[in-house]
Amino acid sequence: MTHQHAPKNKRGLWSSRFGFIMASAGSAIGLGNIWKFPYITGMHGGGAFVLFFIFCILTVGIPLMIAEMIIGRHTRKDPVGAFKSLHGGGWLLTGWLGVIAGFLILSYYCVVAGWAVDYLWLSLKGTFTVKHAVQVPEMFANLLSSDLSQLFWQAVFMGMTILIVIGGVKSGLERANKIMMPVLFLILLILAGFGLNSPGGAQALRFLFSPDWSKLDPPAMLEALGHAFFSLSLGMGAMLTYGSYSDEETSIPKVAITVSLMDTLVALLSGLAIFPIVFTYAMEPAAGPGLVFKTLPILFSRMPGGSMIAILFFLLLVFAALTSSISLLEVVVAYYCDEKHWDRRKATLVMGGIIFLLGVPSALSNNILKDLHIIGERNFLDSIDFACTNYILPLGGLLIAIFAGWVMSKGIIKGELLKGSDKINLYPAWRFLIRYVSPILVALVFLNKAGFF
Ligand code: PFF
């Protein structure tokens, strides 16, 4: 996607505005929506968490996505290069933080995506025609108990990510994206429809949308805020990097709003597919990271055409994970290509290899390394995920918001923001949100978690 066009500059551009939207939506929509959103919603008690998450998307996520894309398009650089060329000094650290987050997030992202590849394989073998719902969680436990399988699938997934990033994606994936994303959406709609018609449907709706504010404690608020960043790929320069490949005519606010709404909708649909099963089979909403793998296969074994739908679902899940993982690797690769002048192939192979190794402890964290607790009771994988989502991304986002709202020239931003947009002038609203609302909200949530009030 990124590099196919005869370069206006040698970095390449998206082939169209639609290509840009699909690539950004591809980055945003991934394991965060289908694997992570339901399980953290379950752990934090449902409704209030969901509503606060949506509030964060609207007040912090969308303005920040606009800011990142503007910085990227204006500088046409990787995150470090962008801050260097705009200001330099300590702001470089913001770019660096992004590159480091890319390393860390991709390391465990490939492990979880590996679980999805394993499930795709199982569904191809027709394994999901189980008789008893209790067998389904056992299957997941089997996967986690095998370090070798997890390493194998992690390697397969990393291999696919590397191949795509080396190839510069070309029209193949751009075309596939245009078909796969709508199909994923449709399948989720069907699953949610089935779910809502099951006995646990009404309880799931209540769980997801009727808030019990007493459950929204400081850790839940931080997790919701952090997940808004994770889910929208913000706070580490991924959207900045993708913005740097955008043409001059595209309206960035339109892209950012479209992508954010699509992303939120996919997360909610996943919740609507998964929680009815949780309640129908009296499972535990707070079951943790295995939730999606322990629930949906039950639905597949019960619905007509379920084994076909299972194949399609896991294929699309792997695809959604791939379109996100390539954006994570792209942040790191863009840095080595732009700043260190490595060629793309070398940067992708070397960095992909290092990130794979960095992910090995995460792959082993459910078995050999299961007693290695890093943060509280969390194992290695969950700890890195927790640290990235709850601290690194919001901190990166806070810095980018301050930079865009207070440091960058007003003229540059206004020019970029208004390009390609017709009637509505979003600049005043955006400026208010990015200068005051986003930084204050992030700071308050941090302080709240730290116990200041
Ligand atoms: N947004 C992706 C998801 O929800 O799965 C994860 C992600 C991709 C996070 C790219 C950060 C990023 F830069």
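Everything in this summary refers to the structure shown in the same document.

Criteria and thresholds
Residues numbered from 1 in each chain as written. Predicted model: local features only at pLDDT ≥ 70, side-chain atom pairs only at ≥ 80, totals over all residues. Heavy atoms only, no water. Phe/Tyr/Trp six-rings, centres within 6.5 Å; stacked < 30°, edge-to-face > 60°. Helix = DSSP H or I, 4+ residues; strand = E, 2+ residues; numbered from the N terminus. Buried < 20%, exposed > 50% of the residue type's maximum accessible area, 1.4 Å probe, protein only. Expected span 1.5 Å × (residues − 1). Axes fitted to C-alpha atoms, helices over the stretch in contact; angles between N-to-C directions. Left-handed = near helix turned anticlockwise from the far one by under 90°. Contact = heavy atoms within 4.5 Å. Nonpolar A, V, L, I, M, F, W, Y, C, P; charged D, E, K, R; others polar. Salt bridge = Lys/Arg side-chain N within 4 Å of Asp/Glu carboxyl O. Near = heavy atom within 4 Å. Polar contact = N/O pair within 3.5 Å; in protein donor to acceptor, adjacent residues only side chain to side chain. Areas by Shrake-Rupley, 256 points an atom, 1.4 Å probe, with all protein chains shown as cover. Parallel < 35°, antiparallel > 145°, perpendicular 65-115°, else oblique.

Our focus in this paragraph is the packing of aromatic side chains. Tallied over the full model, the rule gives 32 aromatic pairs. An angle of 45° between the planes, with centres 5.0 Å apart, marks the rings of Phe207 and Phe275 as tilted. In this pair, Phe207 is assigned in helix H9 (residues 201–209) and Phe275 in helix H12 (residues 252–280), connecting sequence segments 68 residues apart. Neither residue differs from the other here; Phe207 and Phe275 are each classed as buried.

With that settled, the discussion passes to helix H7 (residues 147–167). For H7, with 21 residues, the first-to-last C-alpha span of 30 Å sits near the 30 Å given by 1.5 Å per residue. Regarding H7, the residues found buried are Asp147, Gln150, Trp153, Gln154, Phe157, Met158, Thr161, Ile162, Ile164 and Val165.

Two numbers describe how helix H16 (residues 380–407) lies on helix H18 (residues 427–449): the axes approach to 9 Å, and their chain directions differ by 145°. The hand of the H16/H18 crossing is left-handed. Contacts between H16 and H18 involve Phe386, Asn390, Tyr391, Pro394, Leu395, Leu398, Ala401, Ile402, Ala404, Gly405 and Trp406 on the former and, on the latter, Trp430, Arg431, Ile434, Arg435, Tyr436, Ser438, Pro439, Val442, Phe446 and Lys449. When the residues that make up the contact of H16 with H18 are grouped by side-chain class, the tally is 15 nonpolar, three polar and three charged.

All right, on to the pattern of salt bridges then. Where charged atoms from two side chains of opposite charge come close, those side chains can pair. Enumeration over the complete set of coordinates arrives at eight salt bridges. Taking the shortest distance from any N to any O, the salt bridge between Glu248 and Arg76 comes out at 2.9 Å. Here Glu248, found in the loop between helix H11 (238–243) and H12, pairs with Arg76, found in the loop between helix H3 (47–75) and helix H4 (79–86); they are 172 residues apart in sequence, far enough to count as distant. With relative accessibility at 15%, the residue Arg76 sits in the buried group. Linking Asp212 and Lys215 is a salt bridge whose minimum nitrogen-to-oxygen distance equals 3.5 Å. We classify Asp212 as partly exposed; its relative accessible area is 34%. Classification of Lys215 as partly exposed rests on a relative accessible area of 42%. Via salt bridges that share partners, Arg73, Arg76, Glu248, Glu416 and Lys419 belong to a single interconnected network.

Lining the immediate surroundings of the ligand are 15 residues, of which Ala28, Gly32, Tyr109, Phe230 and Met236 lie closest. For the ligand, an oxygen atom lies 3.1 Å from a polar atom in the backbone of Leu31. A distance of 3.0 Å is found between a nitrogen atom of the ligand and a side-chain nitrogen or oxygen belonging to Ser233. Coverage of the ligand by the protein amounts to 100% of the 340 Å² it exposes when considered alone. Every element with two or more residues in the shell around the ligand is listed here: helix H1 (17–28), helix H2 (31–43), helix H10 (218–231) and helix H14 (306–338).

Our next topic: the packing of H3 against helix H17 (residues 410–418). It is the contact of H3 with H17, at a shortest axis distance of 10 Å, that shows an interaxial angle of 100°. Taken together, the axes of H3 and H17 lie roughly perpendicular to each other. Along its contact with H3, which presents Ile66, Ile70, Arg73 and His74, the element H17 presents Ile412, Ile413, Glu416 and Leu417. Here the contact of H3 with H17 is composed, by residue class, of five nonpolar, one polar and two charged.

Attention now moves to the environment of Val165. Secondary-structure assignment places Val165 in helix H7. Given the relative accessible area of 2%, Val165 is considered buried. Considered as a pair, Val165 and Arg344 are 179 residues apart in the sequence and their alpha carbons are 8.4 Å apart. Beyond its immediate stretch of four places on either side in the chain, Val165 contacts Ile326, Leu329, Glu330, Val333, Arg344 and Thr348.

So, about unusual backbone geometry. With the exception of glycine, most residues fall at negative phi, and the peptide bonds are largely trans. Phi angles above zero are rare outside glycine, and Ala282 is one such case at about 50°. Here Ala282 shows up in the loop between H12 and helix H13 (291–302). Classification of Ala282 as exposed rests on a relative accessible area of 70%. With a phi angle near 60°, His341 is a residue other than glycine that sits in the positive phi range.

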